[in-house]
Amino acid sequence: MIRFAVIADPHVHDCDWVPTGSGLPGAIRSFGETGQSTRIFNESVPAFRAALTAAVEAGAKIVALVGDLTDDGQRPNIDKALSIIAEFRKRHGLRVLMTPGNHDFFAIDGRPQRKTFLAADGMRVAVDSAASAEAATLGSGEALQILSGLGFTPDAADRHWETPFGHDPDWQARSYRTTSPNGHTACDMIDASYLVEPVDGLWVLSIDANVCIPRDDATDFTDSMHFLDPSKLGWDVVAKHRPHLLGWITDVASRARRLGKHLVAFSHYPPLDVLGNSAATEIPVFGANGLAQRIPDPSVAEALAATGIKLHFSGHLHVNDTARYRSTAGGFVNIAVPSPVGYGAGLKIIDMTPTATHVRTLPLRRIEGHDIAFAAYRAEAAHMHRAAPAASKAVDHGQFLNRHLCHLVRRRYLPREWPSDLEAFVQSAKVSDLLKLLGVTLPVVNDFSMLCMVEDWYRFRKAGALALPDIAAERVALYQRLVSGPRAEPETELAARMAVIVDLLGLYMNRQPSIDFAIMPNLDIIEGGAEQGRAVA
């Protein structure tokens, strides 16, 4: 048996970094920014340490890190992340293999950043990379040179290592020509993909799907504004702008079968719908908002299935999900790995045997140092003559993320992403009103607000079954009866759209197994705990 761990999107931010010329004692991000972000910042170092510790305690010696190692690719944050990784390798022999994410670097020469940090008295202080140069996101070449030890270049102990371009690890040997959408502007970019055999029998395929392309009118490739942001492009542009990748992946998969290797692929972006297969249902109501707009075109799944890979891990969206694709071209399973700094925090432990791949999900609810910035959040609130945020009183990491999600629902998701009529209904109605609107007769012993239900809706959307500790059992039972029972034909537009909200909840709650399960050679997914076995040294 071969055992390894998968961690996604740790977004390491070093609170001890002192931005040059800022007069700050450190780099604690404001709750004002945290409360508008889908990830948390200051808690990232304790969360990353907890994830690596969980991997070690589970017996893993290898970690596949599915991108966004750092929060925005600044040198202080990269240095902090690498120091933690070096510590775990020295103490535990833990090897981290990384694929690039959209937060790890940008284009050729990076891009400027402006963040809000907290002074000792809670005052918000903006730090701009124009004044503090180290606050800028690094470019691909500089960042990858620093990160090269995370699988991007061969290790002396590797049994095999290659790139789509051969065996030369030099970055100049790993560049390709990419063009703008209209094909009129071109520049050379690095493809950081690699294949490594870190232990006998395991082939780890890191696919750099972080495709950065110049704009149609680009003239200055040192200027970040002349490039398109890859975070909204993902796999949709891989086939067009890195066509060499699919052929190489096909060849790797063929050789792995011939040589009897366990092949595991991972990239930052999901190649399948990782929202419970709900995107097609969601977009007609919400439009191109939120996470659904980042689900790739179905042609991506067909192209990747045709390569012959069977197992792929993704991050980026900070969700816990298992998705499967089958067609005449082939099939594969994608496992979306939750982030340590997003709701439903956790990591995956994988056991590969000749007969099945077993997956365990380890939640990260209790971590040492979860309250590292709580005093600063309370000082920030006091400085602004506001009540301290509820999240700053959380008893553990899981509760902090749960309260952070509730804050997001009220301050970001509802006002930004929901149609105004749906938002108005949610803000004023109770669940009994929803049942009446839908013509559903169900007993509600303790009525509760629609806002509470929408918070649960987002919990299930992001975390699947990992959300159950945060939702009262009686609400879960009510939701299951609601999503599976009969409903009257909608009489109004509001009723029709709220019916879709209920349908989406059903998809989020009843998705493929995503906690403990096994993937069989025929891609059947069987719910149940993973077998225990000897970890690979």
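Every value quoted in this text rests on a predicted model; they were computed, and no experiment measured them.

Asker: Can you walk me through the overall build of the protein chain in this structure?
Answerer: Counting secondary structure elements, the protein chain contains 15 helices and 18 strands. Computed over C-alpha atoms, the radius of gyration of the protein chain comes to 23 Å, within 12% of the 24 Å expected from 2.2 N^0.38 for 537 residues, which places it in the range of a compact globule. Counting only C-alpha atoms, the protein chain reaches 65 × 60 × 50 Å along its principal axes. Expressed as a percentage of its 537 residues, the buried residues of the protein chain come to 60%. When contacts within the protein chain are restricted to residue pairs at least 6 apart in sequence, those whose partners lie at least 24 apart make up 73%. For the protein chain, the computed accessible surface area is about 20300 Å², with 51% contributed by carbon and sulfur atoms. The centroid of the 53 positive side-chain charges in the protein chain is displaced by 4 Å from the centroid of its 61 negative side-chain charges.

Asker: In this structure, what is going on with the pattern of salt bridges? I would like to understand it.
Answerer: Once their charged atoms are close, side chains differing in charge can pair, the charge on each being opposite to the other. Applying the stated criterion across every chain yields a total of 32 salt bridges. Between Asp-72 and Lys-115 there is a salt bridge, with its nearest N and O atoms 2.5 Å apart. Of this pair, Asp-72 sits in the loop between β2 (62-65) and α3 (75-92) while Lys-115 sits in strand β4 (residues 114-118), and the two are 43 residues apart along the sequence. The pair formed by Asp-72 and Lys-115 is uniform in burial state, with each residue classed as buried. For Asp-208, the salt bridge goes to Arg-242, with nearest N and O atoms at 3.3 Å. Pair noted here: Asp-208 is in the loop between β10 (202-206) and α5 (238-241) and Arg-242 is in the loop between α5 and α6 (243-259), with a separation of 34 residues, a long-range link. A residue is classified by how much of its surface remains accessible, and Arg-242, at 1% relative accessible area, is buried.

Asker: Just to check I follow, could you spell out the pairing of strand β9 (residues 194-199) for this structure?
Answerer: Within a regular strand, side chains alternate between the sheet's two faces. Burial analysis of β9 places six of its six residues in the buried class, the great majority of the element. Counted between consecutive antiparallel strands, the loop separating β9 from β10 contains two residues, among which Gly-201 sits at a positive phi close to 95 degrees.

Asker: What should I look at first to understand the nonpolar core in this one?
Answerer: Soluble globular proteins tend to bury their nonpolar side chains together. Formed by 123 residues in total, the largest nonpolar core has its most connected members in Phe-313 and Trp-418. Each residue touching Phe-313, except ones within four places of it in the same chain, is listed here: Phe-4, Val-6, Val-66, Val-264, Ala-265, Phe-266, Ser-267, Asn-334, Ile-335, Val-337 and Ile-350.

Asker: I would appreciate a short explanation of the sheet that holds strand β18 (residues 525-527) in the present structure.
Answerer: Pairing is mixed in the open sheet, where seven strands are placed in the order β3-β2-β1-β15-β16-β17-β18. Edge positions in the open sheet fall to β3 (95-98) and β18, since each of these has one partner strand only. Taken over all neighbouring pairs, the strand axes of this sheet differ in orientation by 25 degrees on average, direction set aside. Pairing analysis gives five bridges linking strand β1 (residues 2-7) to strand β15 (residues 346-352), with the strands arranged antiparallel. Following the sheet pairing, Arg-3 is matched in β15 by Asp-351.

Analysis parameters
Residues numbered from 1 in each chain as written. Predicted model: local features only at pLDDT ≥ 70, side-chain atom pairs only at ≥ 80, totals over all residues. Heavy atoms only, no water. Helix = DSSP H or I, 4+ residues; strand = E, 2+ residues; numbered from the N terminus. Rg over C-alpha atoms; globule rule 2.2 N^0.38 Å. Buried < 20%, exposed > 50% of the residue type's maximum accessible area, 1.4 Å probe, protein only. Contact = heavy atoms within 4.5 Å. Areas by Shrake-Rupley, 256 points an atom, 1.4 Å probe, with all protein chains shown as cover. Lys, Arg positive; Asp, Glu negative; His and termini not counted. Charge placed at Lys NZ, Arg CZ, Asp CG, Glu CD. Salt bridge = Lys/Arg side-chain N within 4 Å of Asp/Glu carboxyl O. Pairing = 2+ DSSP bridges. Core = buried A, V, L, I, M, F, W, Y, C linked by side-chain atoms within 4.5 Å. Axes fitted to C-alpha atoms, helices over the stretch in contact; angles between N-to-C directions.

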